[in-house]
Amino acid sequence: MGLKEVVFKVFRFDSEKDILPCYKTYTLKPKGNESLDTALEQIQEIDETLLFDKDSVIKVNKEVVLSSEAKVKDFGLEICIEPADSKRVKRDLITEYDDFFERFNSIKPTLCSEIKEITEKDEITNFNELAQAYFSCPSVDVNPEFIGPVGLSRAYDLYNQESDYFKKLKRLKVVNENNRGIWDCAGCNSCDRAVKSEISPSVKIQKLKNETFEYDDVNNCSYGIKETKEVEKQIIANGHVSSFCTILKVKGFKVLEDAKEFCLLAKNKRFTNSKGIEKSQNLKEIKTLIKSARS
Amino acid sequence: MKNLKYALFKGSRALDNAPETLKSTLRVASVLDIEFVDVNEFTCSGESHLEDKNEFLAILINARNIAYAEKEGLDIVTLSNVDFKTLKECKAKLDINSNLKTRINEHLKKINLQYSGKSQIISLCEVFVKFGLDKIKAKSSKDLSELAIAPYYGENTPKNANDTLDKVANCFNSTIIESELKNYPCGSNITIRNKTLATKLTGKILTDIVDNSANSILVACSHQYLNLDALQCSSAKAVGRDDINIPVFYLSQYIGLTLGIEPKELGLNQNIAEVSI
């Protein structure tokens with residue numbers, strides 16, 4: 001039986017010459033267990049203008065992978081290869097890492113003094129693993145302010161190394177900032193698939209959230225803290241949670257920004273308030289459990 | 001075959017601003033003779049929020065929920081992936097860790113409940129598959145071949161269930177539109193605290209679906225349904241598009257239509273993106 005042909009659609013772009021990227025198609029007959037690096041070398045023999053870094057993070061059929069580890073056979077007969085981040089591409093499959101380092105360096109190893117920022121891949125242990133986690137994150141993709149799973153994992157490690165109460169509190173204040181910290185993780189766990197360390201980024205983010213509630217005054221303006229407290233309060237009071245009441249509590253008068261959506265929901269009879277939402281029965285039990293758990 | 005009977009975990013979204021998900025599910029169940037028992041003691045699973053504050057408390061509250069289903073001798077069916085994931089993870093933690101289970105049961109004893117681990121957590125998709133898509137098709141009276149539908153699964157769908165919506169749509173002759181972002185998060189868990197981010201995520205999904213020429217979306221989660229439908233206008237705006245207006249079907253609404261149930265009885269008149277079928 002002849003070997004099956006695999007069609008590779010490869011992203012091509014030169015930031016110095018091109019305005020828009022394009023895709024070029026190449027056909028190969030892989031022998032069996034080749035890595036993406038091997039396939040890209042074979043493509044390079046056909047088209048020497050293609051540039052890529054070996055053992056680097058790329059996207060294969062939209063999945064973020066390491067080119068030296070990912071196998072051609074796992075991606076079917078039509079494979080689309082793109083850079084890790086097409087918005088930050090330098091040339092073809094080579095991505096600029098400035099943004100990665102910027103977000104990584106936003107978490108300082110010491111809180112008081114100036115230190116040299118990290119700008120090279122080999123200065124970071126497990127760089128490829130972390131880069132995979134970083135480029136897998138949808139929140140990183142759409143929110144330039146977000147520290148990202150790598151920076152937040154770093155913050156957790158540094159938080160754990162601190163013993164001083166106020167330094168710990170200061171760390172938590174940083175990761176609780178609105179629009180950039182732990183509460184802006186979309187909770188999809190994409191980062192975990194890349195990281196092989198014992199504690200995954202999503203678990204570290206979760207632990208930072210838990211730690212936040214061990215302190216009284218981390219950040220009174222944090223939408224995430226307000227939302228969590230309100231959800232718990234409503235479960236104790238009603239058993240169920242009203243979106244409107246939660247938004248009102250979290251955003252205050254800024255709820256007016258959502259007025260259009262609320263009007264639409266109300267018009268289509270898709271809207272209740274705390275009085276309207278169904279109450280669970282035996283709610284005293286929830287209070288008993290909480291009291292019991294706290295004791 | 002014995003009728004299917006489950007404890008229905010409605011969840012806060014279905015009781016709040018996605019009531020069509022509950023309405024359509026109950027209406028379809030009445031036609032298929034699937035019995036959903038209303039367990040009035042169920043509370044919100046807390047989604048990820050309770051766990052964010054205190055993992056033990058989150059397990060305790062959901063162990064109570066599961067214990068009530070066990071009392072009825074029933075498995076739990078959820079209407080959202082978030083509740084499914086929260087309850088399933090709670091169950092997994094308790095079933096794998098006997099010390100944790102003992103500790104939780106010490107607290108539950110104070111309210112005369114016990115968690116044993118007998119009740120399973122099931123998604124609504126699984127219920128229809130278990131009932132038999134062929135049997136539903138045998139009862140169907142409406143052809144939905146005019147729909148070019150994009151199944152959207154989100155990030156919390158287990159890998160082994162990542163094609164069930166495709167199977168449903170295929171069964172009723174709708175054209176399936178494959179979206180590369182079918183497992184991309186829609187940001188439902190961050191919508192309240194960061195709407196800008198959530199609408200950008202939802203906007204990316206909607207753009208991909210519309211650009212692939214779909215004329216409708218199929219989801220099996222009340223949270224996803226809410227974001228893709230109710231936030232459609234602001235999500236389109238967040239990604240710089242003004243041409244997105246696509247109906248979103250919750251799974252029970254879609255199946256209900258094939259069964260010939262009136263759109264109004266399925267709550268389709270309450271959808272924000274207008275459905276004309």
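Each value, and the rule that gives it
- Residues numbered from 1 in each chain as written.
- Chains lettered and ligands numbered in written order.
- Predicted model: local features only at pLDDT ≥ 70, side-chain atom pairs only at ≥ 80, totals over all residues.
- Helix = DSSP H or I, 4+ residues; strand = E, 2+ residues; numbered from the N terminus.
- Rg over C-alpha atoms; globule rule 2.2 N^0.38 Å.
- Buried ≥ 20, exposed ≤ 12 C-beta atoms within 10 Å, placed from the backbone.
- Contact = placed C-beta atoms within 7 Å.
- pLDDT = per-residue confidence, 0-100.
- Expected span 1.5 Å × (residues − 1).
- Axes fitted to C-alpha atoms, helices over the stretch in contact; angles between N-to-C directions.
- Parallel < 35°, antiparallel > 145°, perpendicular 65-115°, else oblique.
- Left-handed = near helix turned anticlockwise from the far one by under 90°.
- Domains from an automatic or database assignment.
- Nonpolar A, V, L, I, M, F, W, Y, C, P; charged D, E, K, R; others polar.
- Pairing = 2+ DSSP bridges.
- Core = buried A, V, L, I, M, F, W, Y, C linked by C-beta atoms within 7 Å.

## Overview of the overall build of chain B
Secondary structure summary: chain B contains 13 helices and eight strands in total. For a compact globule of 277 residues, the expected C-alpha radius of gyration is about 19 Å, and chain B comes in at 19 Å, within 12% of that figure. For chain B, the C-alpha atoms occupy an extent of roughly 55 × 45 × 30 Å along the three principal directions. Expressed as a percentage of the 277 residues in chain B, the buried residues total 60%. Look at the contacts in chain B between residues 6 or more apart in sequence, and 80% of them connect residues 24 or more apart.

## Considering the confidence of the model for chain A
Looking at chain A, the pLDDT average stands at 91 and 96% of residues meet or exceed 70. Per-element confidence in chain A is highest for strand β1 (residues 6-12) of chain A, whose mean pLDDT is 97, and lowest for helix α10 (residues 259-267) of chain A, whose mean pLDDT is 87.

## Remarks on helix α2 (residues 19-32) of chain B
Residues and elements named next belong to chain B. End to end, α2 covers 20 Å across 14 residues, agreeing with the expected 20 Å (1.5 Å per residue, within 8%). Residues P19, E20, T21, L22, K23, S24, T25, R27, V28, A29 and L32 constitute the buried set of α2. D33 occupies a position one or two residues after α2 and carries a positive phi of about 60°.

## Digging into the packing of helix α8 (residues 223-237) of chain A against helix α9 (residues 243-251) of chain A
Residue and element names in this part refer to chain A. As a packed pair, α8 and α9 sit with axes 9 Å apart at the nearest point and diverge in direction by 140°. With respect to each other, α8 and α9 are oriented oblique. As α8 runs across α9, the sense of the crossing is right-handed. Where α8 abuts α9, its residues Y223, K226, E227, E230, V231 and Q234 lie against C245, T246, K249 and V250.

## Re the domain arrangement of chain B
Residue and element names in this part refer to chain B. Parsing chain B into structural domains produces domain 1 (5-125) and domain 2 (133-270). On a C-alpha basis, the centroid separation for the pair domain 1 and domain 2 is 24 Å. Across the contact, 25 residues belong to domain 1 and 27 residues belong to domain 2. Residues belonging to the side of domain 1 that touches domain 2 are distributed by class as follows: 10 nonpolar, nine polar and six charged.

## Details of the interface of chain B and chain A
Facing the 47 residues of chain B at the interface are 50 residues of chain A. Among the secondary structure elements, those contributing two or more residues to the side of chain B that touches chain A are α1 (11-15), α3 (49-53), α4 (55-72) and α10 (195-211) of chain B. A per-class count over the side of chain B that touches chain A returns 20 nonpolar, 14 polar and 13 charged.

## A look at the sheet that holds strand β3 (residues 57-60) of chain A
Residues and elements named next belong to chain A. If you trace the five strands from one edge of the open sheet to the other, you get β2-β1-β5-β3-β4, paired in mixed fashion. Strand pairing shows two members of the sheet lacking a second neighbour, β2 (22-28) and β4 (63-66), which therefore form its edges. Averaged over all pairs of adjacent strands, the angle between strand axes in this sheet comes to 30°, irrespective of strand direction. Where β1 lies against β2, seven bridges are found, and the strand directions are antiparallel. Each bridged residue has a counterpart across the sheet, and for K9 the counterpart in β2 is T25. On top of the sheet, helix α1 (residues 36-46) reaches β1, β2, β3 and β4; it is set at about 100° to β2, its chief contact. Relative to β4, helix α3 (residues 127-136) is tilted by about 170°, and along the sheet it contacts β3 and β4.

## Focus on the environment of N212(B)
Residues and elements named next belong to chain B. Examined against the element boundaries, N212 turns out to sit in the loop between α10 and β7 (216-219). The sequence separation of N212 and L60 amounts to 152 residues, and the corresponding C-alpha distance is 44 Å. Apart from the residues lying within four places of it in its own chain, the contact partners of N212 are A150, I177 and S179.

## Some details on the nonpolar core
Residue and element names in this part refer to chain B. Counting 155 residues, the largest nonpolar core has I76, I217, L218, V219 and L251 as the members making the most contacts within it. With nine residues, the top contributor of residues to this core is α4. Once residues within four sequence positions are removed from consideration, V219 is found in contact with Y152, Q224, Y225, L228, V248, Y250 and L251.

## Brief notes about the sheet that holds strand β8 (residues 248-250) of chain B
Residues and elements named next belong to chain B. The four strands are arranged β6-β5-β7-β8 in an open sheet whose pairing can be described as parallel. For this open sheet the edge positions go to β6 (175-176) and β8, each flanked by a neighbour on one side alone. Taken together, the two bridges between strand β5 (residues 148-151) and β6 define a ladder with parallel strand orientation. What sits directly across from I149, in β6, is I176. Running at roughly 85° to β8, helix α13 (residues 251-258) makes contact with β7 and β8 of the sheet.

## Details of helix α11 (residues 222-230) of chain B
When you tally the buried positions in α11(B), you get nine out of nine residues, the bulk of the element. All buried positions along α11(B) are accounted for by S222(B), H223(B), Q224(B), Y225(B), L226(B), N227(B), L228(B), D229(B) and A230(B).

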